[in-house]
Amino acid sequence: MQFPFLYNIRENNDDLRTRFQAMQTPHLSVEHKKRMLGELQKTFKNVTTKDDARYRMRQPFYFFRQTKPMIPILAAIVILLGGTFGTAAAADAAKPGDVFFGVDRAAEQTSLAFAFSGEKKARIRTNIAEERERERVELQQEGRTEDAAQAEEHADVALVQAIETISDVRVKIEEKGNDDALQALTEVENRLEALRQMRDDRDGDADDSGDDMTAKGLTEAEVHIENGVAEVQVEYNDEKQTFVLVTSDRDAIIAEIVARTGATEEAVRAAVRIEENGVVDEPIDDVSDDDSADSSEDINDDSHATNSSNGEQEQEQEQEQEQEQEQEQEQEQEHVNGNTNQNQEQEQEQEQDREEEHANTNTSDDEEQSDDEQNQEQVRNEIRVEVNQEDGKAEIHTRIGSAEMEWELKTTNQNTILLSISGKTGLSGAQIQAVWQYSVED
Amino acid sequence: MTEAEIQEFVQQARDGDAEAFGVLFEEFSDRVYRFLAMRVSEKETAEDITQTVFVEMIQSLGRYKKQRNAKFSTWLFQIARFRLIDHYRSKKAHIPLEDVPEPVQEPAHADPVQDRALRDALNTLPEQQRTVLHLHFFEDMSPQEIAVVLKTTAINVRVIQHRAIKVLRTLITI
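What counts as what
- Residues numbered from 1 in each chain as written.
- Chains lettered and ligands numbered in written order.
- Predicted model: local features only at pLDDT ≥ 70, side-chain atom pairs only at ≥ 80, totals over all residues.
- Helix = DSSP H or I, 4+ residues; strand = E, 2+ residues; numbered from the N terminus.
- Buried ≥ 20, exposed ≤ 12 C-beta atoms within 10 Å, placed from the backbone.
- Contact = placed C-beta atoms within 7 Å.
- Expected span 1.5 Å × (residues − 1).
- Pairing = 2+ DSSP bridges.
- Core = buried A, V, L, I, M, F, W, Y, C linked by C-beta atoms within 7 Å.
- Arc of directions from axis to C-beta.
- Axes fitted to C-alpha atoms, helices over the stretch in contact; angles between N-to-C directions.
- pLDDT = per-residue confidence, 0-100.
- Parallel < 35°, antiparallel > 145°, perpendicular 65-115°, else oblique.
- Left-handed = near helix turned anticlockwise from the far one by under 90°.
- Nonpolar A, V, L, I, M, F, W, Y, C, P; charged D, E, K, R; others polar.

### Focus on the overall build of chain B
A count of helical and extended segments in chain B gives eight helices and zero strands. Counting from the amino terminus, helix and strand elements in chain B follow one another as α-α-α-α-α-α-α-α. The buried share of chain B, taken over its 174 residues, is 33%. Restricting to contacts in chain B with at least 6 residues of sequence separation, those with at least 24 account for 66%.

Below you can see the structure in the form of structure tokens.
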């Protein structure tokens, strides 16, 4: 678009141009011009020569002059950014007991607040739990025991929070049927499981830490196996432990005792007393007096051990029967010799004695069985885990000694439930599964 | 001298050729001086500012880049205008045309009556309008080139020029 006055400027100003060009205007005199050029030539040689330092310095000077007004602003930006990133970096590296640890946690809460997807929240929670565990290890390595204890609490709390977040998230994802999200969540769960395992190992290490101080070794190791569940009682360095394993495999039981106590496998095998369904295997040392090779085979193969012990019982019974038969034969001969009445009386007395003995034996067996049941019941009473699954939720009630806990998870996934219980109680998965009462209501 | 020739001398001057600089000074010194002398009260002041403009030209030659729609003279008059504004700021002075020194050489078709009327009319215009008219009529610059000197748009230059000529015509016909 063009305006009419613009045409006017172009077309009608020739007269003015003529008048302007005819006007008297000032000019430099020849002398002035020559003098000025002479002075400028000196400046030109001094400045324009590329080897001249001033020539090379012009560019930085120009840059400085242009940026000079912005220096305060730039300085403020640098300080602000430097401060922010410096503080963030320092906070991220902070551990419990450090000045910036609070900032670190605040930053974590902020990132949680800005995580809008459940999967993202679960991932951040897991990251936090891993960071707490890492900090705990570092603090221990640095010898800051008090801070390490504090870090341990933080680590436990973070782990439980991560487990609960994941259980909530899993329910929602399962409802939506988002397979990709479930896959991603499973990866997070695996990380969390590894973390939980580390925590269990940490507890084991803590138990081991007293070895050098007391060094009394394994003084008691009793295993009662019934219906595939083994209740283990061990005393190591004056410290008693009772735990339950869902296995009757003796190697596995011994391995678990080794892991929990820190005693050597040889020591455990030497001390362990295993009772399975009323049949007792004595420690290897006792058996080895008779036949160490056989006894070791017995321990390594529990079915074989059971069979061999049953075989010994049968031999004893056969010997008793033979003795009875011999006595009867003698009695018959005496009866033939005319001592019938007395022998009959003796026989009756012997039968009565046998019956009494038999009765007494049965009574003692019953008492032992009832004692075992009581012990089992006692263990169950000491560790009680009840899970009631209803309407896609799991109500959990635990009692360990006098400590009781009750909470609810919005999931029916048993792995998640196990993780949650383990996180809150510190029990291992096997311990929980051995004692839990799991009920499902439609 | 064509713009291409001027650019050639500029390049040589940038490479340190003093003679090339001398050619450029010969080409532009009177034009810069006229631009300044018609706005300052004293001849010596115009000379000083002219010298300052060329010193700055020497110092800034390394950064000179030819712009589209702009000649070398456009860049030089831009420097001259900035130094003139610096002078105005330092002196707070407005220079009447009556005080302009007498020219060394008389123009060919000078008419003292018409010359006086035109100078009086120009004297009443604001500095920006006077600059636009000067560059348009004396330097034969296009609105785009004047816009570079004034650091504004070509449209704005046309508007300023239109208003200045309108006032000028009214004044010189009275």
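### A few points about the overall build of chain A
Of the regular secondary structure elements, chain A holds 17 helices and nine strands. A burial count over chain A gives 23% of its 442 residues as buried. Partitioning the contacts of chain A with sequence separation of at least 6, the portion at a separation of at least 24 is 50%.

### Brief notes about the environment of B:Arg81
Residues and elements named next belong to chain B. Mapped onto the secondary structure, Arg81 falls in helix α4 (residues 72-91). Placed 49 residues apart in sequence, Arg81 and Val32 show a C-alpha to C-alpha distance of 9.6 Å. Other than its neighbours up to four places away in sequence, Arg81 contacts Thr131 and Val149.

### As for helix α7 (residues 118-142) of chain A
A rise of 1.5 Å per residue sets the reference length of α7(A), with its 25 residues, at 36 Å; its end C-alpha atoms lie 36 Å apart and thus fit the reference within 8%. Listed in full, the buried residues belonging to α7(A) are A:Glu119, A:Ala122, A:Arg123, A:Arg125, A:Thr126, A:Ile128, A:Ala129, A:Arg132, A:Glu133, A:Glu135, A:Arg136 and A:Leu139.

### Brief notes about the pairing of strand β3 (residues 239-245) of chain A
Residue and element names in this part refer to chain A. As judged from the seven bridges shared by strand β2 (residues 229-236) and β3, these two strands associate in the antiparallel manner. Bridging across to β3, Gln233 finds its partner in Thr242. The antiparallel hairpin formed by β2 and β3 contains two residues in its connecting segment, where Asn237 sits at a positive phi of about 55 degrees.

### Observations concerning the nonpolar core
Counting 51 residues, the largest nonpolar core has A:Ile166, A:Ile257, A:Val268 and A:Val272 as its most contacted members. The element best represented in this core is helix α8 (residues 145-176) of chain A, accounting for 10 residues. Among all residues touching A:Val268, those that are not within four sequence positions of it are A:Leu218, A:Ala221, A:Ile254, A:Ile257, A:Val258 and A:Ala263. With 40 residues, the next largest nonpolar core counts B:Val32, B:Met57, B:Ile58 and B:Val132 among its residues.

### Observations concerning helix α11 (residues 250-261) of chain A
Residue and element names in this part refer to chain A. The terminal C-alpha atoms of α11, which comprises 12 residues, lie 16 Å apart, in line with the 16 Å expected from a rise of 1.5 Å per residue. Along α11, the positions that sit buried rather than exposed are Arg250, Ile253, Ile254, Glu256, Ile257 and Thr261. The buried residues of α11 occupy one face: seen down the axis, they fall within an arc of 160 degrees. Positive backbone phi, at 90 degrees, marks Gly262, one or two positions downstream of α11.

### What to know about the sheet that holds strand β8 (residues 403-409) of chain A
Whether parallel or antiparallel, the strands of a sheet pair through hydrogen bonds between backbone atoms. Residues and elements named next belong to chain A. Strand order across the open sheet formed by four strands is β8-β7-β6-β9, with mixed pairing between neighbours. Of all the strands in the sheet, just β8 and β9 (436-441) have a single pairing partner and so form its edges. Strand after strand, the sheet turns through a mean of 10 degrees between neighbouring axes, direction not considered. Of the strands in this sheet, β6 (383-390), β7 (393-400) and β8 touch helix α16 (residues 414-425), which is tilted by about 30 degrees from β7.

### Examining unusual backbone geometry
Non-glycine residue A:Asp391 carries a positive phi angle of around 50 degrees. Locating A:Asp391 in the fold gives a position in the loop between β6 and β7. On the basis of neighbour counts, which here come to 9 C-beta atoms within 10 Å, the residue A:Asp391 falls in the exposed class. Backbone geometry at B:Asp140 places phi at a positive 55 degrees, although glycine is not the residue there. Overall, B:Asp140 belongs to the exposed group, with 11 C-beta atoms counted inside 10 Å.

### Concerning the confidence of the model for chain A
All names here are of chain A. Confidence in the prediction for chain A averages 72 pLDDT; 63% of positions are at 70 or higher. Mean pLDDT across the secondary structure elements of chain A bottoms out at helix α10 (residues 211-214), with 41, and peaks at β6, with 86. Note on residues 1-9: pLDDT is under 50 here. Beyond four places in sequence and across chains, it has six contacts. Counting contacts from residues 285-311, a segment whose pLDDT is below 50, to residues more than four positions away or on other chains yields 24 contacts.

### Observations concerning the environment of A:Lys424
Residues and elements named next belong to chain A. Of note, Lys424 is situated in helix α16. Classification of Lys424 as partly exposed rests on a count of 17 C-beta atoms within 10 Å. Contacts of Lys424, omitting those with residues within four sequence positions, involve Val160 and Met405.

### Points about the pairing of β2(A)
Residues and elements named next belong to chain A. Pairing of strand β1 (residues 218-226) with β2 involves eight bridges; the strand directions are antiparallel. If you follow Ala221 over to β2, its bridge partner there is Val234. Count of turn residues in the β1/β2 antiparallel hairpin: two residues, of which Asn227 carries a positive phi of about 55 degrees.

### Some details on the packing of helix α6 (residues 127-137) of chain B against helix α7 (residues 143-150) of chain B
Residues and elements named next belong to chain B. In the contact formed by α6 and α7, the axes pass within 10 Å of each other and the chain directions differ by 135 degrees. The angle between α6 and α7 falls in the class oblique. Crossing angle aside, the handedness with which α6 passes α7 is right-handed. Facing Gln128, Thr131, Val132, Leu135 and His136 of α6, the residues of α7 in contact are Ile146, Val149 and Leu150. For the contact of α6 with α7, the residue count by class is five nonpolar, three polar and no charged.

### Here we look at the sheet that holds β1(A)
Residues and elements named next belong to chain A. The strand order β3-β2-β1-β4-β5 describes an open sheet built from five strands, whose pairing is mixed. Edge strands, defined here as strands with exactly one partner in the open sheet, are β3 and β5 (279-281). The mean inter-strand angle of the sheet, taken between neighbouring strand axes irrespective of direction, is 15 degrees. Strand contacts of α11: β1, β2, β3 and β4 (272-276), with the helix running at about 35 degrees to β2, the strand carrying the most contacts.

### So, the environment of A:Thr165
Residues and elements named next belong to chain A. Tracing the sequence through the fold places Thr165 in helix α8. Of the residues examined, Thr165 has 21 C-beta atoms within 10 Å and is grouped as buried. Considered as a pair, Thr165 and Leu409 are 244 residues apart in the sequence and their alpha carbons are 9.7 Å apart. For Thr165, the contacting residues outside a window of four places in its chain are Lys121, Ala122 and Arg125.

### Some thoughts on the packing of α6(B) against helix α8 (residues 154-173) of chain B
Working note: a packed helix pair is described by the angle between its axes plus the distance between those axes. Residue and element names in this part refer to chain B. Contact geometry of α6 with α8 gives a least axis separation of 9 Å together with a crossing angle of 95 degrees. One way to sum up the angle between α6 and α8 is to call them roughly perpendicular. Here α6 contributes Gln128, Gln129, Val132, Leu133 and His136 to the contact with α8, which in turn contributes Val157, Ile160, Gln161, Arg163 and Ala164. Partitioning the contact of α6 with α8 into residue classes produces five nonpolar, four polar and one charged.

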